[in-house]
Amino acid sequence: MNLPKVYQNRNIGNINNDQEFFYSAKVEQQNNKPNYSPINIDYKINNLFKSNKYIYKINVNIKTKSRDFDTTIIGKMNNNLITIDNDLIPIKDIIDIKEK
């Protein structure tokens, strides 16, 4: 019984498969001016709700005009976020939102 031959690479020289790469983190605040925009906040909120982690609730850190707090948001209604404590947080007052 004859089996097919296995391919053997005959070019066995000095192979350099290493790749050089560069990584740079984006610096958001070069001149100490915060980069807050309503479009950016809406984008962050929508990404939180679209993520695969979101089923019912999301643990987040929210920074608003008046305070900074950790809470759990369960939904979005009109222009407000609803927390698990049944608080309404106006989206227009949110400066930054981050998932914990």
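Residues numbered from 1 in each chain as written. Predicted model: local features only at pLDDT ≥ 70, side-chain atom pairs only at ≥ 80, totals over all residues. Heavy atoms only, no water.

## Notes on the overall build of the protein
Then step 1. In terms of regular secondary structure, the protein is built from one helix and five strands.
Then step 2. Starting at the N terminus, the α and β elements of the protein follow one another as α-β-β-β-β-β.
Then step 3. Counting across all 100 residues of the protein, residues that qualify as buried make up 21%.
Then step 4. Partitioning the contacts of the protein with sequence separation of at least 6, the portion at a separation of at least 24 is 47%.
Then step 5. In the form shown here, the protein has an accessible surface area of approximately 9,200 Å², with 48% of it arising from carbon and sulfur atoms. (Helix = DSSP H or I, 4+ residues; strand = E, 2+ residues; numbered from the N terminus. Buried < 20%, exposed > 50% of the residue type's maximum accessible area, 1.4 Å probe, protein only. Contact = heavy atoms within 4.5 Å. Areas by Shrake-Rupley, 256 points an atom, 1.4 Å probe, with all protein chains shown as cover.)

## A look at the nonpolar core
Then step 1. Residues I45, V60, I62, I73, L81, I94 and I97 are the most contacted members of the largest nonpolar core, which totals 14 residues.
Then step 2. Where this core is concerned, the elements lending two or more residues are α1 (38-50), β1 (58-64), β2 (68-77) and β5 (94-99).
Then step 3. Every residue in contact with I97, bar those within four places of it in the chain, is listed here: K44, I45, L48, V60, N61, I62, I73 and L81. (Core = buried A, V, L, I, M, F, W, Y, C linked by side-chain atoms within 4.5 Å.)

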